[in-house]
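Here are the chains, one letter per residue:
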Amino acid sequence: MMSSILKAYIDGKLTYDFILTAMKISSELGMFVDEIIPNPISDTDLEKEILLAEQQMAKMKFVKDKNAGSIIMGILMNKLRGRISAKEVALKLNLTQRSLKNVK
């Protein structure tokens, strides 16, 4: 099972964030099957999720504005884990600097 999971990761079918979850599900099933791998998220859907997270954050009050980046990452990865790597989400947020722009 482990070799199948790691091969799926190497082949780009599985994100790093989802390896532990894949191991847990596979151990419960007794085998690794491709059906447990979540569908990747499209750029359009990622953009929608970022907008929804920004709307959630707009309702929050922050003691320290510098924590906004971590908070939006937490919101996004809670919904998107396994569908996209955290590194890609962070890159998208950093490129647009959205997390800080819409919170203040």
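Residues numbered from 1 in each chain as written. Predicted model: local features only at pLDDT ≥ 70, side-chain atom pairs only at ≥ 80, totals over all residues. Heavy atoms only, no water.

## Digging into the overall build of the protein chain
Thought 1: When you go through the protein chain residue by residue, the secondary structure sums to 6 helices and 0 strands.
Thought 2: Reading the protein chain from its N terminus to its C terminus gives the helix and strand order α-α-α-α-α-α.
Thought 3: Taken over 104 residues, the protein chain has a buried fraction of 32%.
Thought 4: A sequence separation of at least 24 residues applies to 54% of the contacts in the protein chain between residues at least 6 apart.
Thought 5: As presented, the protein chain carries roughly 7,100 Å² of accessible surface, and 55% of it is formed by carbon and sulfur atoms. (Helix = DSSP H or I, 4+ residues; strand = E, 2+ residues; numbered from the N terminus. Buried < 20%, exposed > 50% of the residue type's maximum accessible area, 1.4 Å probe, protein only. Contact = heavy atoms within 4.5 Å. Areas by Shrake-Rupley, 256 points an atom, 1.4 Å probe, with all protein chains shown as cover.)

## Regarding a nonpolar patch on the surface
Thought 1: On the surface, Met2, Leu6, Leu20 and Met23 cluster together into a nonpolar patch covering about 360 Å² of accessible area.
Thought 2: Checked against the element boundaries, methionine 23 lands in helix H2 (residues 19-29). (Patch = residues over 30% accessible without salt bridge, like charges linked within 9 Å, V, L, I, M, F, W, Y side chains within 5 Å. Salt bridge = Lys/Arg side-chain N within 4 Å of Asp/Glu carboxyl O.)

## A word on the nonpolar core
Thought 1: Leu46, Ile72, Leu76, Leu80, Ile84, Val89 and Leu93 are the most contacted members of the largest nonpolar core, which totals 15 residues.
Thought 2: When contributions to this core are tallied by element, the ones reaching two or more residues are helix H3 (43-58), helix H4 (68-80) and helix H5 (86-96).
Thought 3: Sort the elements by how many residues they give to this core and H4 lands first, with 7 residues.
Thought 4: Excluding residues that lie within four positions of it along the chain, leucine 76 makes contacts with Glu49, Ile50, Ala53, Val89 and Leu93.
Thought 5: One finds Leu14, Phe18, Ile19 and Ala22 within the second-largest nonpolar core, a separate group that totals 9 residues. (Core = buried A, V, L, I, M, F, W, Y, C linked by side-chain atoms within 4.5 Å.)

## A word on the pattern of salt bridges
Thought 1: Overall, the coordinates contain 3 salt bridges when judged by the stated rule.
Thought 2: Taking the shortest distance from any N to any O, the salt bridge between aspartate 11 and lysine 7 comes out at 2.8 Å.
Thought 3: The shortest N-O distance in the salt bridge between glutamate 49 and lysine 79 comes to 3.0 Å. You can see glutamate 49 sitting in helix H3 and its partner lysine 79 sitting in helix H4, a full 30 residues away along the chain.
Thought 4: Classification of glutamate 49 by relative accessible area gives buried; the value is 17%.
Thought 5: The class of lysine 79 is partly exposed, set by a relative accessible area of 48%.

## A short note on the packing of helix H1 (residues 2-10) against H2
Thought 1: Closest axis-to-axis distance for the H1/H2 pair is 10 Å, and the angle between their directions is 145°. Considering how the two elements wind past one another, H1 and H2 form a crossing that is right-handed. Taken together, the residues of H2 that come into contact with H1 (itself represented by Met2, Ile5 and Tyr9) are Ile19, Ala22, Met23 and Ser26.
Thought 2: When grouped by side-chain class, the residues that make up the contact of H1 with H2 number 6 nonpolar, 1 polar and no charged. (Axes fitted to C-alpha atoms, helices over the stretch in contact; angles between N-to-C directions. Left-handed = near helix turned anticlockwise from the far one by under 90°. Nonpolar A, V, L, I, M, F, W, Y, C, P; charged D, E, K, R; others polar.)

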